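Here's the letter readout for the chains.
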Amino acid sequence: FEFEGNNYTITINSIDSNSEYVGVFGYVGNATATSLKIKKLTVAGEISTDKQYAGGIVAYSNGATIEYCVNKLQITGEGSNTIVGGIVGYSQKETAINNCVNFANLTSTFVVGGIVGTASFIQNTNYTLTLSKCINLGQIVGSAKYSYISGMVAKSNVSADISNCINLGQISGPATSGATATS
């Protein structure tokens, strides 16, 4: 499956959902990174959510390739366990993110990353999260004492192949924060 955004912009000002997945693509799953592609899409607007997973393009990726996408959707995660990412909120399987930019300000009480909130693996499996030529320009704010905060990937227990990515956005929060910049 391939979703071609043709460089159009989708503007979102609210998402009314009973689902725990908040994004243009709430849940994409059961695919390999080469079988599901989302590309050339821009998302704009502003939302607040108390749901568990929120992402500018994809809330929860269980395997996908995301290319040439731009996030301008400001997201405020208000739940005690809300995971927010500028491009992908939560990645659980092979995911590749290439040539993507986050311009939006992102805030969460738990996990917030400029490109990916959390990358994790299913028990007894291992995979690699790949980020290439991604840029975060948005402000990243962890609003609780023990928030995970980063310009690229806020929380991960998987192998990550990050190349030619940079964080230029301000990162702030009451907890220890970190900016990721690689070349």
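The rules behind the values
Residues numbered from 1 in each chain as written. Predicted model: local features only at pLDDT ≥ 70, side-chain atom pairs only at ≥ 80, totals over all residues. Heavy atoms only, no water. Core = buried A, V, L, I, M, F, W, Y, C linked by side-chain atoms within 4.5 Å. Buried < 20%, exposed > 50% of the residue type's maximum accessible area, 1.4 Å probe, protein only. Helix = DSSP H or I, 4+ residues; strand = E, 2+ residues; numbered from the N terminus. Contact = heavy atoms within 4.5 Å. Pairing = 2+ DSSP bridges. Axes fitted to C-alpha atoms, helices over the stretch in contact; angles between N-to-C directions. pLDDT = per-residue confidence, 0-100. Phe/Tyr/Trp six-rings, centres within 6.5 Å; stacked < 30°, edge-to-face > 60°. Lys NZ or Arg CZ within 6 Å of the ring centre and 35° of its normal. Salt bridge = Lys/Arg side-chain N within 4 Å of Asp/Glu carboxyl O.

**Quick word on the nonpolar core**
I57, I66, I97 and L131 are the most contacted members of the largest nonpolar core, which has 38 residues in total. Looking at this core, the elements that each hand over two or more residues are β3 (25-28), β4 (37-49), β7 (64-67), β8 (70-77), β15 (116-119) and β16 (128-132). Among the elements that line this core, the one with the most residues is β4, at 4 residues. Residues in contact with L131, not counting those within four places in the same chain, are I97, I115, V116, M152, V153, D161, I162, S163 and C165. Of all hydrophobic cores here, the second largest spans 7 residues; its members include Y53, A59, I83 and A154.

**What about the sheet that holds β3?**
Taken together, the 5 strands give an open sheet; going across it, the order is β3-β6-β10-β15-β20, and neighbouring strands pair in parallel fashion. The two strands at the open ends of the sheet, each matched to only one other strand, are β3 and β20 (153-156). Recorded for the sheet is a direction-independent mean angle of 10 degrees between the axes of neighbouring strands. As defined by bridge partners, β3 adjoins strand β6 (residues 58-61) across 3 bridges and the pair is classed as parallel. For V28, the partnering residue across the bridge sits in β6 and is S61.

**Here we look at the confidence of the model for the protein**
In low-pLDDT segments, the atomic positions of the prediction should not be examined closely. Considering every residue of the protein, the mean pLDDT works out to 89; 90% of them sit at 70 or more. Note on residues 177-183: pLDDT under 50 across the span, and 21 contacts to partners over four residues away in sequence or across chains.

**What to know about the pairing of β8**
Pairing analysis gives 8 bridges linking β4 to β8, with the strands arranged parallel. Along β8, the bridge assignment pairs I47 with I75. Pairing analysis gives 2 bridges linking β8 to strand β12 (residues 101-102), with the strands arranged parallel. The residue bridging V70 from the neighbouring strand is V101, located in β12. Two elements, β8 and strand β13 (residues 106-108), share 3 bridges in a ladder whose sense is parallel. Counted as the bridge partner of T76 is T107 from β13.

**A word on the packing of aromatic side chains**
All chains considered together, the criterion is met by 9 aromatic pairs. Taking the centre distance of 5.4 Å and the plane angle of 75 degrees together, the rings of Y21 and Y60 count as edge-to-face. One end of the pair, Y21, is in strand β2 (residues 21-22); the other, Y60, is in strand β6, with 39 residues separating them in the sequence. Centre to centre, the rings of Y27 and Y60 are 5.1 Å apart; their planes meet at 25 degrees, and the pair counts as stacked. With Y27 in strand β3 and Y60 in strand β6, the pair connects residues that are 33 residues apart, well separated along the chain. Note on Y60: relative accessible area 8%, which makes it buried. Residue placement shows K72 over the ring face of F103; its charged tip is 5.7 Å from the ring centre.

**Concerning the pattern of salt bridges**
In this structure the tally under the stated criterion is 2 salt bridges. Of the charged contacts, one joins K39 and E2 as a salt bridge, the two residues approaching to 3.1 Å between their closest N and O atoms. With K39 in strand β4 and E2 in strand β1 (residues 2-12), this residue pair connects regions lying 37 residues apart in the sequence. The exposure class assigned to E2 is partly exposed, which follows from its relative accessible area of 43%. Two residues, K39 and E4, come together in a salt bridge whose shortest N-O distance is 3.8 Å. Here K39 is found in strand β4, whereas its partner E4 is found in strand β1, with 35 residues between them in sequence. Put simply, E2, E4 and K39 are held in one network by salt bridges that share partners.

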